Amino acid sequence: MALITPHALHAPFSLSFPSPPSPRLHFHSQPHSLALLMPQTPSFSSVYSPKPARWATQRGHLVPRAAVSEFGPSIGEILGDVTIFTAAGDPINFEDLWDQNEGVAVVALLRHFGCPCCWELASVLKESKATFDSAGVKLVAVGVGTPNKARILAERLPFPMDCLYADPDRKAYDVLGLYYGFGRTFFNPASAKVFSRFEALRKAVKNYTIEATPDDRSSVLQQGGMFVFKGKQLLYARKDEGTGDHAPLNDIFNVCCKVPVS
C-alpha cells in the first residue's frame, strides 16, 4: 500500500509499497495525521484506464479545453436552486450567494475539508481574495462535509468564514458532474501536479487536522472544480481530473478581468 500523510510534508517525501489486503481507506487516529492507504495492483492500467482527454496549451499551461460547452445554458438556474450551508450552519441557496443578473462570482469546489491539497487551494484563494474584491468579484468556496468541518478549516488555516460553505450531501458536485471515485482520487496522472507545489502544500497544512475529514468516509473520493459565473451565465468551467489538480489562478483572473462588473 502507498502511505501518504501530512507529516511527510515536513520531511523528505516517501512512498512505500508493502503487500496490501483488500482495497480500503484507512485513517490514522493520531491528531494532525491523515493516511490514505491504497492497494497495490499488478499494473496501473488494470485498475485505471482514463478516457483520452482533450488538451490544449493556454498561457503556458496544459489544461483541458474549454469545458463550458459541457453544460447547458440553464446550468446557472439549476445550480441556483441547490441548497448548501454557511460555515455557521445556516441553509442558503446558490442563487443567494451573488447577484444573479450581473454579479461575477468565482465558485471553487474543494474536494472535502479534510483534504490537505484543499487546504493548499484554500490558502491560495485566501491570498487572492483582495484581488477578487478589488475587481468586484465574489469568492465562493464550497467543501464536502458538515458546517462544523468547514469551521475547522476556517479557524485553523485560517480562511474567511463569510466565503466558506458546506455541501455535506455533495448536491452541487452532482449538478456540476464533478468526478468521483477511487481511480480519480488515487490513480489519476493529473494528481502528480501536487509535487510541483510541495513547499506551498507543506506551509498550508501547518495547522492541519484529520478532524476536518467528513464523517462519511466515502466523501473523500469526491473531486472538485472551479467555475466562474456572471449572473446565471457560466463563463469558465474546469473539473479537477484528480486530487490536487487545481485550475490555474491566472486563468481565473484573466476570465474575471475580461468581464465588465456592474
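You'll find the protein chain entered in an unreviewed UniProt entry as Peroxiredoxin-like FAM213/AAED, with Trema orientale given as the organism.

Trainee: Explain the sheet that holds strand β5 (residues 83–86) to me, and be specific about the residues and the numbers.
Mentor: Two strands in a sheet stick together by hydrogen bonds in their backbones, pointing the same way (parallel) or opposite ways (antiparallel). The strand order β6-β5-β9-β8-β7-β10-β11 describes an open sheet built from 7 strands, whose pairing is mixed. Each edge of the sheet is formed by a strand with only one pairing partner; in this case those strands are β6 (91–93) and β11 (233–239). Strand-to-strand, the axes of this sheet are offset by a mean angle of 30 degrees, without reference to chain direction. Direction of pairing for strand β10 (residues 225–230) relative to β11: antiparallel, over a ladder of 6 bridges. For Val-228, the partnering residue across the bridge sits in β11 and is Tyr-236. Packed onto the sheet, helix α4 (residues 147–156) meets β5 and β9 (164–166) and runs at close to 150 degrees relative to β9.

Trainee: Quick rundown of the pattern of salt bridges? Include the residues and the values.
Mentor: The tally for this structure, following the rule as stated, stands at 11 salt bridges. A salt bridge links Lys-193 to Asp-245, with the nearest nitrogen and oxygen atoms 2.6 Å apart. Linking Lys-193 in the loop between α6 (182–186) and α7 (198–204) with Asp-245 in the loop between β11 and α8 (249–257), this pair joins segments that are 52 residues apart in sequence. For Asp-245, a relative accessible area of 0% corresponds to the buried category. The residue Asp-245 makes a salt bridge to Arg-238 at a minimum N-O spacing of 3.1 Å. Grouping residues by exposure puts Asp-245 and Arg-238 together as buried. The structure contains a network of salt bridges with shared partners spanning Lys-193, Arg-238, Asp-240 and Asp-245.

Trainee: Please set out α8 residue by residue, giving values where relevant.
Mentor: Among the residues of α8, Leu-249, Asp-251, Ile-252, Val-255 and Cys-256 are the ones counted as buried. Angularly, the buried residues of α8 cover 155 degrees about the axis, an arc narrow enough to put them on a single face.

Trainee: Report on the nonpolar core, specifying residues and quantitative values.
Mentor: Core analysis: the largest hydrophobic core is formed by 40 residues, its most contacted members being Val-106, Phe-159, Met-226 and Ile-252. If you list the elements that add at least two residues to this core, you get β7 (104–109), α3 (116–134), β8 (137–143), α4, β9, β10 and α8. In terms of residue count, the dominant contributor to this core is α3 (7 residues). Core analysis: the second largest hydrophobic core is formed by 25 residues, Leu-79, Phe-94, Val-107 and Phe-227 among them.

Trainee: So what's going on with the packing of aromatic side chains? Which residues, and what values?
Mentor: Scanning the entire structure with this criterion turns up 6 aromatic pairs. Geometrically, the ring pair formed by Phe-71 and Phe-227 is edge-to-face, given 5.8 Å between the ring centres and 80 degrees between the ring planes. One end of the pair, Phe-71, is in the loop between β4 (61–64) and α2 (75–80); the other, Phe-227, is in strand β10, and 156 residues separate them in sequence. Both residues of the pair, Phe-71 and Phe-227, count as buried. Members of the aromatic cluster, connected to one another through ring pairs, are Phe-182, Phe-186 and Phe-187. One residue, Arg-184, lies across the ring of Tyr-179, its end atom 3.7 Å from the ring centre. One cation-aromatic arrangement involves Lys-239 over Tyr-179; the distance from NZ or CZ to the ring centre is 5.4 Å.

Cut-offs applied
- Residues numbered from 1 in each chain as written.
- Predicted model: local features only at pLDDT ≥ 70, side-chain atom pairs only at ≥ 80, totals over all residues.
- Heavy atoms only, no water.
- Pairing = 2+ DSSP bridges.
- Helix = DSSP H or I, 4+ residues; strand = E, 2+ residues; numbered from the N terminus.
- Axes fitted to C-alpha atoms, helices over the stretch in contact; angles between N-to-C directions.
- Contact = heavy atoms within 4.5 Å.
- Salt bridge = Lys/Arg side-chain N within 4 Å of Asp/Glu carboxyl O.
- Buried < 20%, exposed > 50% of the residue type's maximum accessible area, 1.4 Å probe, protein only.
- Arc of directions from axis to C-beta.
- Core = buried A, V, L, I, M, F, W, Y, C linked by side-chain atoms within 4.5 Å.
- Phe/Tyr/Trp six-rings, centres within 6.5 Å; stacked < 30°, edge-to-face > 60°.
- Lys NZ or Arg CZ within 6 Å of the ring centre and 35° of its normal.

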